Each structure stands twice: as C-alpha cells, then as structure tokens.
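So the chains spell out like this:
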Amino acid sequence: MSNEDDHPAGIEAISVYVPQNFIEATEVAAANGTDPEKYTRGLGCRRMAIASPGEDAVTYGCEAARLLLERYQSDASAIGLLVVGTESGVDGSKPVAAYLHGMLGLDCRCRVFDTKHACYSATAALRIATDWCRGHDGRRGKALVVATDIARYDLGSPGEPTQGAAAVAMLVGNDAACMQLEHFPEAVYAQEVMDFWRPNYRHTAVVDGKVSLRTYLTALENTWDEYQRSSGLQWHDYEYLLFHVPFPRMAWKAFRLLHERYGNGESPEDAFSRMVEPGLWACRELGNCYSGSLYLCLAALLERVGQRATGARVGLFSYGSGCCAEFFTARIGSSSGIWHDRIGIGNGLRRRRQIDYSTYLEFRQITERMEGNHECQAGLASDADAAVTFCGTREHRRLYRFQAPTAGAESTQRRNSVNAQVANVLR
Ligand code: COA
C-alpha cells in the first residue's frame, strides 16, 4: 500500500500548558484509607494536576494556544481553522472554541468549532485539521487544534486517583516540522457502550472501569490489526508507541497485549522502556488530561528525544469512551530538535506547586459554587502568570479576566473589552 501524499500535512508545532497545582497520589490514598501502592504501583499514578477555582477548559485551552503562538512566533491572523477537542465543555451550546477565538484575536474568517467524543475528540479534531490542510495546500492558512480537559471523579471513588488536567495546542499545516502524519487507510473502531460518561447534571464523570478497560483493549486489537493489514507495517517498523493514558498502568496493559502477539525476542519490560516510556513520563506528573492525553505523550516524546529521533515512526492509539478509537502513525520531523525546548512540559513542571488534601477539597467546593449562576469573584487563579482567569457566572454569562497581554493588537482590544465587561459586573 502506498503512502503517497501530494500535500503532506502534519503537526508543525506543539505546546503544553501545565496547570500550576498538583497533589501527590499518596496524599489522596492516605485520605481514602487506601494502600498508597495501589495508586502508585497498581495504577502507576504519581501526581495529579489539580485545577484551582478560576481555571476551566477555556482558560487552559487559551493558555496552551497562547503559548504555542508566542513560542513559535506564529501569526494569529494566519489561523484559518480552530478546532477544540474537549469533554469539559462549559456550555451546552457555545463551544470552547468560540471563547478561544475571541481571546486569541483570531480572524473573523476563521472557522471555529468543538469536537466531542470523550478522549477521542482531539484525534477527530486533528483528522479534520489535516484533511483541511491537505485540501488547500496552505493557501487558506494553518489550523489550530487544542485539546483541553479537567478530569474529575467523585471523592473516594476508584477513578479519583486517575484525575488530572492539562491542555495541548498543535499548529497543523503543510510544513510538518514536528510530526508528519502518514496517509495510510484509516483504522477505526466504534461501538456504543456505557463505559464512561458525564451526565449534564454532574461535575464529575461516571465510569464502569472494568468495562472501559476491556473495551479499550478490544478497540486496540481491532485497530492495530486493521492498520497493519492496510499499511503493510510490522512490529519492527515502529520505534515508539504512544497510547491514550487514562492511568499510566493502562499503557503497560495495552503494550503487553501487542507485545505478546507480535514482539520479537526482546523482553516486554525492555521493549516498553525503549518504545513507550519516553512518551509516558509527563502523564505520571499530570494525570489523565482526557482528550489531550495521547498528545501529551507525543509532546513528552518530542521533548525527551528531540532531534535524535528524526525520521522515527511513531504508532499512536487514540481511545474515547462511548466509544470511538483509532490507530495511526506519524514520523518525527527533521526540525523537531529545534522545537523541543519550546514545548514547555519541563518548564511548566518546575514552576508548579504542591497542594495538600484540604486545599484540594477547598478548590473543589469553590469551583462547584462558581459553576452556579450566582458567584463572581476576581483573582482566584493561583497561577500568577496565567493570561486569563474564569471569574464566575452572572446573568448566565461566563466572565473571564485577562491578566497578561496576549499576542496582537486585535486581541489587546478584545482583552480590554472583556476586562471592562468583567469590571462592570464585579463593581
Ligand atoms: N499494591 C499494589 N497493587 C495493587 C494493590 C496494592 N495494595 N491493590 C490493588 N492493586 C492493583 C490491582 O491488582 C490492579 O492491578 P491489575 O489491573 O494489573 O490487576 C490495580 O491495582 C487496580 O486495582 P483494582 O482493584 O482493579 O482497582 P479499582 O477497581 O479500584 O479501579 C480502575 C481501577 C482502573 C477501574 C479505576 O481506577 C477507574 O475506573 N479508572 C478510570 C478509568 C478510565 O478513565 N476509563 C475511561 C477511559 S479509558
């Protein structure tokens, strides 16, 4: 099967927003009266990023996109398509993408929308963006794909140690400096299943963990087989494998399933260290960031291996509960080494702070109150460098305050008008 591509498209640049607060998994285990080894060894969870009041999917998405445009000196007016993958939407109708469009000062001819299918949504967004780029060879600008999520479960529930948060922004275009997506026939698996969902009346997800794990592995087997059949690729053609990571131990379960069937003489532990670990380290620090999880692994891989891995083939498995899954491949671009220090995971981790269990509880309570239509406060975000903060809801409108300049004159105008609006309400 050929992989010819007249207008190759891929990821030109990638940036990660690392939330400023985290809690140790062992601290949550102590509060729940659970053996900490269950969380750290059984699930592979080390730390979880915790959103503070004033942070939501909009503020995280805005931070990641703003950092991307700044770090790679990209022109916001050249963005012709913005797609946000999220399952932490803040409104039943208005997409997160609409907020970001205003905050980033994007052109009024830019098409904007969200995609939703649990953790698969960012892959759907990336697919749409690459097809769009291939279709016009750059004439209509570049696409911006943002994956932004906050994973919350009930206190004391089995899912609680697997919480997390982050946002990943990707610039998609025809100069695949970071990653070129290979253009083999698609390998998709879909099935209606109640494995994980969040009803509209809840802040936290409901999960049938065992069903979800089983469905994930069935989807992996199906898409892997389909992809190898259509592409002609084999196990030894892959340098790296990246998986959607609801908790780090899941990546091991997924890898072991493939290795048992296809691995050569190398032990599964050694092969895992070589092929999966280089992309997994950030998930141990941030936890599950849902739609961004697979792309956090990709960013972590690029940040760790940089230019040394130019040309390496990466297999990516995306899974969204409900369910839709896809396996695809990409090659690391020749200039990924130039970019790797701009991705921002290491820097983000160095500047964050640890919170204790009582602060974690307090953050949850205030956040829930702010999601009602009655409370509006300024200055709640604990990230002093954050560009934008959620202040609360008044008259059914979400209010955001900009605290630092975003790029471009148009966005400065926009920032001032949003701030004036917030100031009126806060008065
Ligand atoms: N020390 C070390 N390991 C321990 C342990 C201890 N004291 N106690 C349990 N473990 C191990 C178990 O053996 C198990 O490992 P295994 O899966 O390799 O057998 C693992 O820890 C988890 O234990 P388990 O009893 O299965 O946990 P649980 O029923 O409380 O829940 C999940 C685990 C994964 C189902 C739950 O965390 C969950 O639902 N997570 C969310 C999943 C998700 O996000 N799905 C949607 C997208 S894919």
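Details of the structure are given in the entry above.
It should be emphasised that the depicted structure is a prediction, and the values quoted were computed from it without experimental measurement.

For the chain, the helix and strand inventory stands at 14 helices and 17 strands. Long-range contacts, defined here as pairs at least 24 residues apart, represent 74% of the contacts in the chain between residues at least 6 apart.

Now for the site of the ligand. Surrounding the ligand, one finds 18 residues, the nearest of these being Asp35, Lys38, Lys210, Ser212 and Lys253. Contact distances for the ligand include 3.3 Å between an oxygen atom and a side-chain N or O atom of tyrosine 153. Contact distances for the ligand include 2.6 Å between an oxygen atom and a side-chain N or O atom of lysine 253. For the ligand, whose unbound accessible area comes to 980 Å², protein coverage reaches 71%. Elements represented by at least two residues in the shell around the ligand include exactly helix H2 (36-42) and helix H6 (209-231).

Moving on, we come to unusual backbone geometry. Following glycine 322, the chain continues to cysteine 323 via a peptide bond in cis, the omega torsion being -5°. By secondary structure assignment, the location of cysteine 323 is in the loop between strand E13 (313-320) and strand E14 (324-332). With phi around 50°, glutamine 73 is a residue other than glycine that occupies positive phi space. Turning to its location among the elements, glutamine 73 is positioned in the loop between helix H3 (57-71) and strand E4 (79-85). Overall, glutamine 73 belongs to the exposed group, its relative accessible area being 73%.

Turning to the packing of aromatic side chains, a few remarks are in order. Applying the stated criterion across every chain, the model contains 18 aromatic pairs. Between tyrosine 17 and tyrosine 60, the ring centres sit 5.4 Å apart and the planes meet at 45°, which makes this aromatic pair tilted. Within this pair, whereas tyrosine 17 is found in strand E1 (residues 10-17), its partner tyrosine 60 is found in helix H3, the two being separated by 43 residues in sequence. Overall, the relative accessible area of 5% leaves tyrosine 17 in the buried class. When the centroid spacing of 5.5 Å and the interplanar angle of 70° are considered together, the rings of phenylalanine 255 and phenylalanine 272 count as edge-to-face. Here phenylalanine 255 is found in helix H7 (residues 248-262), whereas its partner phenylalanine 272 is found in helix H8 (residues 268-275), with 17 residues between them in sequence. Each member of the pair, phenylalanine 255 as well as phenylalanine 272, is classed as buried. Grouped by ring-pair contacts, the aromatic residues Phe184, Trp224, Tyr227, Trp235, Tyr238, Trp252, Phe255, Tyr262, Phe272 and Phe327 constitute a single cluster. When the ring centre of tyrosine 99 is taken as reference, the NZ or CZ atom of lysine 94 above it lies at 4.3 Å. One cation-aromatic arrangement involves arginine 127 over phenylalanine 328; the distance from NZ or CZ to the ring centre is 5.1 Å.

Relative to the elements of secondary structure, threonine 367 occurs in helix H13 (residues 357-370). By relative accessible area, threonine 367 is classed as buried at 8%. Dropping the residues within four chain positions of it, threonine 367 is found in contact with Ser52, Pro53 and Arg152.

Let's shift gears to the environment of glutamate 277. Note that glutamate 277 resides in helix H9 (residues 277-286). Considered as a pair, glutamate 277 and leucine 301 are 24 residues apart in the sequence and their alpha carbons are 8.6 Å apart. Apart from the residues within four sequence positions on either side, glutamate 277 is in contact with Phe272 and Arg284.

Okay, the nonpolar core next. Considering soluble globular proteins, one finds that nonpolar side chains tend to be buried as a cluster. Core analysis: the biggest nonpolar cluster contains 137 residues, and Ile14, Leu100, Leu241, Phe243, Phe255, Ile332 and Ile345 have the highest contact counts within it. Here isoleucine 332 is in contact with Cys178, Met179, Tyr240, Leu301, Leu302, Val305, Ala309, Thr310, Gly311, Ala312 and Val314, once residues within four sequence places are set aside. If you look at the next biggest cluster of nonpolar residues, it comprises 6 residues, including Cys119, Ala151, Ala205 and Tyr290.

Let's shift gears to the sheet that holds strand E3 (residues 47-50). Taken in spatial order, the 3 strands make up an open sheet running E3-E2-E15, and their pairing is mixed. Across the chains shown, the open sheet's two edge strands, defined by having one partner strand only, are E3 and strand E15 (353-354). Alignment of strand E2 (residues 21-24) against E15, held across 2 bridges, turns out to be parallel. Residue pairing across strands places phenylalanine 22 opposite glutamine 354, the latter belonging to E15.

As a further point, take the state of the cysteines. Under the counting rule described, the total for this entry stands at 0 disulfides. Cysteine 289 takes part in no disulfide bond, and the closest cysteine sulfur to it belongs to cysteine 283, at a distance of 6.3 Å. With relative accessibility at 1%, the residue cysteine 289 sits in the buried group.

Another point: the pattern of salt bridges. For the coordinates displayed, the defined rule picks out 21 salt bridges. The partner of arginine 398 in a salt bridge is aspartate 56, with the nearest N and O atoms 2.8 Å apart. With arginine 398 in strand E17 (residues 397-402) and aspartate 56 in the loop between E3 and H3, the pair connects residues that are 342 residues apart, well separated along the chain. As far as burial versus exposure is concerned, arginine 398 and aspartate 56 are alike and both buried. Glutamate 182 is the partner of arginine 331 in a salt bridge, and the nearest nitrogen-oxygen pair spans 3.2 Å. Of this pair, arginine 331 sits in strand E14 while glutamate 182 sits in the loop between strand E8 (179-181) and strand E9 (187-190), and the two are 149 residues apart along the sequence. Within the structure, one salt-bridge network assembled from shared partners comprises Glu24, Arg46, Arg47, Glu285 and Arg352.

Turning our attention to H13. In a regular helix each residue adds 1.5 Å, so 14 residues correspond to 20 Å; H13 covers 20 Å between its end C-alpha atoms and thus fits that length. Turning to H13, its buried residues are Tyr357, Thr359, Tyr360, Phe363, Arg364, Ile366, Thr367 and Met370. Close packing links the buried residues of H13 with E2, helix H1 (25-32), E3, E15 and strand E16 (388-394).

What counts and what doesn't
Residues numbered from 1 in each chain as written. Predicted model: local features only at pLDDT ≥ 70, side-chain atom pairs only at ≥ 80, totals over all residues. Heavy atoms only, no water. Helix = DSSP H or I, 4+ residues; strand = E, 2+ residues; numbered from the N terminus. Contact = heavy atoms within 4.5 Å. Near = heavy atom within 4 Å. Polar contact = N/O pair within 3.5 Å; in protein donor to acceptor, adjacent residues only side chain to side chain. Areas by Shrake-Rupley, 256 points an atom, 1.4 Å probe, with all protein chains shown as cover. Buried < 20%, exposed > 50% of the residue type's maximum accessible area, 1.4 Å probe, protein only. Phe/Tyr/Trp six-rings, centres within 6.5 Å; stacked < 30°, edge-to-face > 60°. Lys NZ or Arg CZ within 6 Å of the ring centre and 35° of its normal. Core = buried A, V, L, I, M, F, W, Y, C linked by side-chain atoms within 4.5 Å. Pairing = 2+ DSSP bridges. Disulfide = S-S within 2.5 Å. Salt bridge = Lys/Arg side-chain N within 4 Å of Asp/Glu carboxyl O. Expected span 1.5 Å × (residues − 1).

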